[in-house]
Amino acid sequence: MGTHEPLGRRTFVVGASTALLAGGAVSGAEAAVVDGPLPDFHPALKDALTFPLAWGRSPIRDFRAWRRAARTTVEEHLLVERQDGTPYAPEAAGRTEGEGYTRELVTVSLTRYERVRGALLTPHGKGPFPAVLLLHDHGARFDIGKEKLVRPWYDDTRLASARSWADKYFSGRFVGDELARRGYVVLCLDALGWGDRGPLAYEQQQALAATFYNLGSSLAGLMAREDQRAAAFLAGLDRVDARRVAAVGFSMGAYRAWQTAALSDHVAAAASVCWMTGLKEMMVPGNNTLRGQSAYYMLHPGLARHLDIPDVASIAAPRPMLFVNGGLDTLFPAEGVRVAYDKLRAVWRSRHAEERIRTKTWPELGHVFTREMQDEVFNWLDDVL
């Protein structure tokens with residue numbers, strides 16, 4: 001027999017994956033978890049994801065029928081039932097005047113499980129007004145939720161945190177207040193774990209998600225259902241023109257914005273800043289998603305067997321949609337953004353509505369929603385609403 005060098009870890013991992021891809025069995029002694037962690041056979045798992053329900057791949061050729069089937073599939077994977085029969089029973093408090101708009105705190109029942117408090121801003125003047133469901137980010141910062149986007153007039157401690165957050169990500173602006181000054185009714189509510197519904201500790205997220213799964217439910221599914229219901233509540237306000245309601249968000253809020261547009265016909269348009277990618281391109285060594293924790297707020301188990309991320313967003317077609325990303329955003333590799341944008345544009349093109357979707361990458365920016373980006377979103381909202 002010849003002389004062999006010791007088998008290094010990299011060779012070992014590649015060899016095990018190659019054996020699996022070739023149809024051979026990998027013994028327990030050979031199996032490994034690598035890079036982040038990923039199972040060493042993750043390429044085979046990714047290859048198995050063909051997204052058979054995607055528009056253009058699905059055997060369903062009528063687009064309206066496809067939308068119904070795709071939305072039903074997403075809703076089945078939320079694991080949280082619809083809450084349409086639950087009364088909102090809104091209660092308002094803390095009413096004050098801002099610069100050109102009125103501020104109040106509103107408490108509503110988005111589900112039958114608990115009451116949720118949010119900020120509601122209404123422009124001065126005679127309505128009904130266009131409206132924005134403003135969806136906050138994750139950011140591993142849980143002491144503030146709605147306060148990241150709406151200046152808290154009711155809590156000085158949160159105001160200090162909110163100002164530092166706005167300085168870090170939003171060029172010092174409170175996006176919600178700016179929208180209200182521009183004539184939009186704005187509703188912004190805390191997701192579970194943030195602000196009045198927290199604060200959650202970062203390392204508790206995985207346990208919280210596991211608890212939901214053990215109870216036959218889902219943390220991500222709850223957030224999706226709550227956002228869906230929040231859109232319907234906002235559209236139903238007398239002060240709001242129900243035909244002109246948009247969902248807008250940054251980071252996790254961007255995910256929530258396009259997801260809500262996909263699940264709710266109350267949303268006429270959506271602007272998503274810094275959350276869009278192809279799933280396969282995101283599941284690579286070093287990506288933040290592999291850490292778990294925050295990923296559970298955006299994880300619907302089993303859905304990837306049917307639809308890619310942009311496929312879900314495409315359920316909103318052909319309504320107006322804006323997707324913005326930073327070219328230096330390390331959370332979403334450029335290839336994943338490109339793949340997603342190509343898929344999205346192809347769906348809108350198939351509906352002869354390519355002018356209704358805008359995709360843009362700011363090459364010099366990272367994971368931020370700067371003043372210049374905000375102005376572009378605001379101008380776009382003025383155009384489409």
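Our subject is the structure that appears above.
Because the structure is predicted, anything quoted here is derived from the model rather than measured. (Residues numbered from 1 in each chain as written. Predicted model: local features only at pLDDT ≥ 70, side-chain atom pairs only at ≥ 80, totals over all residues. Heavy atoms only, no water.)

Can you explain the overall build of the protein? Please cite residues and give values.
The secondary structure content of the protein amounts to 12 helices and 11 strands. The C-alpha radius of gyration computed for the protein amounts to 22 Å, which stays within 12% of the reference 21 Å derived for 385 residues, consistent with globular compactness. Projected onto its principal axes, the C-alpha positions of the protein cover 90 × 50 × 45 Å. A total of 385 residues make up the protein; the buried ones form 55% of that total. Counting only contacts in the protein whose residues sit at least 6 apart along the sequence, the fraction spanning at least 24 positions is 72%. Side chains of the protein give 46 positive and 45 negative charges; the mean places of these two sets differ by 4 Å. (Helix = DSSP H or I, 4+ residues; strand = E, 2+ residues; numbered from the N terminus. Rg over C-alpha atoms; globule rule 2.2 N^0.38 Å. Buried < 20%, exposed > 50% of the residue type's maximum accessible area, 1.4 Å probe, protein only. Contact = heavy atoms within 4.5 Å. Lys, Arg positive; Asp, Glu negative; His and termini not counted. Charge placed at Lys NZ, Arg CZ, Asp CG, Glu CD.)

Describe helix α3 (residues 63-78), listing the residues and the values that go with them.
The end-to-end C-alpha distance of α3, which contains 16 residues, comes to 22 Å, matching closely the 22 Å that a straight helix rising 1.5 Å per residue would cover. Every buried residue of α3 is accounted for by Phe63, Trp66, Arg67, Ala70, Arg71, Thr73, Val74, Glu75, His77 and Leu78. As for α3, its buried residues are in contact with α7 (219-235), α8 (252-263), α10 (309-313) and α11 (334-350). At the C-terminal side of α3, Leu79 shows a positive phi close to 70°. (Expected span 1.5 Å × (residues − 1).)

Give me the lowdown on the environment of Tyr341, citing residues and values where you can.
Checked against the element boundaries, Tyr341 lands in helix α11. Once the C-alpha coordinates of Tyr341 and Glu203 are considered, the two residues, 138 residues apart in sequence, prove to be 33 Å apart. Here Tyr341 is in contact with Met276, Phe323, Val324, Asn325, Thr359, Lys360 and Thr361, once residues within four sequence places are set aside. A distance of 3.4 Å separates a polar atom in the side chain of Tyr341 from the backbone oxygen of Phe323. (Polar contact = N/O pair within 3.5 Å; in protein donor to acceptor, adjacent residues only side chain to side chain.)

Before we move on, can you summarise the packing of α7 against α8 with the specific residues and values?
Packed helix pairs are specified by the crossing angle of their axes together with the interaxial distance, meaning the distance between the axes. The N-to-C vectors of α7 and α8 enclose an angle of 65°; their axes lie 9 Å apart at closest approach. When the axes of α7 and α8 are compared, the pair comes out roughly perpendicular. Here α7 runs over α8; the crossing is right-handed. Contacts between α7 and α8 involve Met223, Ala224, Asp227, Gln228 and Ala231 on the former and, on the latter, Met252, Arg256, Gln259, Thr260 and Leu263. In terms of residue class, the contact of α7 with α8 is built from five nonpolar, three polar and two charged. (Axes fitted to C-alpha atoms, helices over the stretch in contact; angles between N-to-C directions. Parallel < 35°, antiparallel > 145°, perpendicular 65-115°, else oblique. Left-handed = near helix turned anticlockwise from the far one by under 90°. Nonpolar A, V, L, I, M, F, W, Y, C, P; charged D, E, K, R; others polar.)

Tell me about the packing of aromatic side chains, and please be specific about residues and values.
Note on aromatic pairs: each is described by the distance of the centres and the angle between the planes. Using the criterion set out here, one finds 18 aromatic pairs in the structure. Seen from their ring centres, Tyr255 and Trp258 are 4.8 Å apart, and the 70° between their planes marks the pair as edge-to-face. Taken as a pair, Tyr255 and Trp258 lie in helix α8 at a separation of three residues, close to a single helical turn. A residue is classified by how much of its surface remains accessible, and Tyr255, at 4% relative accessible area, is buried. We classify Trp258 as buried; its relative accessible area is 2%. Over the ring of Tyr154 we find Arg117, and its NZ or CZ is 5.4 Å from the ring centre. In this structure, Lys148 is placed above the aromatic ring of Trp165, and the distance from its NZ or CZ to the ring centre is 4.5 Å. (Phe/Tyr/Trp six-rings, centres within 6.5 Å; stacked < 30°, edge-to-face > 60°. Lys NZ or Arg CZ within 6 Å of the ring centre and 35° of its normal.)

A description of α11 should follow, citing residues and the corresponding values.
Given a rise of 1.5 Å per residue, 17 residues ought to cover 24 Å, and the 24 Å separating the end C-alpha atoms of α11 matches this to within 8%. By the burial criterion, the buried members of α11 are Gly336, Val337, Val339, Ala340, Tyr341, Leu344, Val347 and Trp348. Of the surrounding secondary structure, the elements contacted by the buried residues of α11 are α3, α9 (279-282), α10, β10 (321-326) and β11 (357-362).

Help me get a handle on the environment of Ala270, residues and values and all.
Within the secondary structure, Ala270 is located in strand β9 (residues 269-273). Looking at Ala270, the relative accessible area reads 1%, which means it is buried. For the pair Ala270 and Ala209, spaced 61 residues apart in sequence, the C-alpha to C-alpha distance is 27 Å. Not counting residues up to four positions away in its chain, the partners in contact with Ala270 are Ala247, Ala257, Ala261, Pro320, Met321, Leu322 and Trp380.

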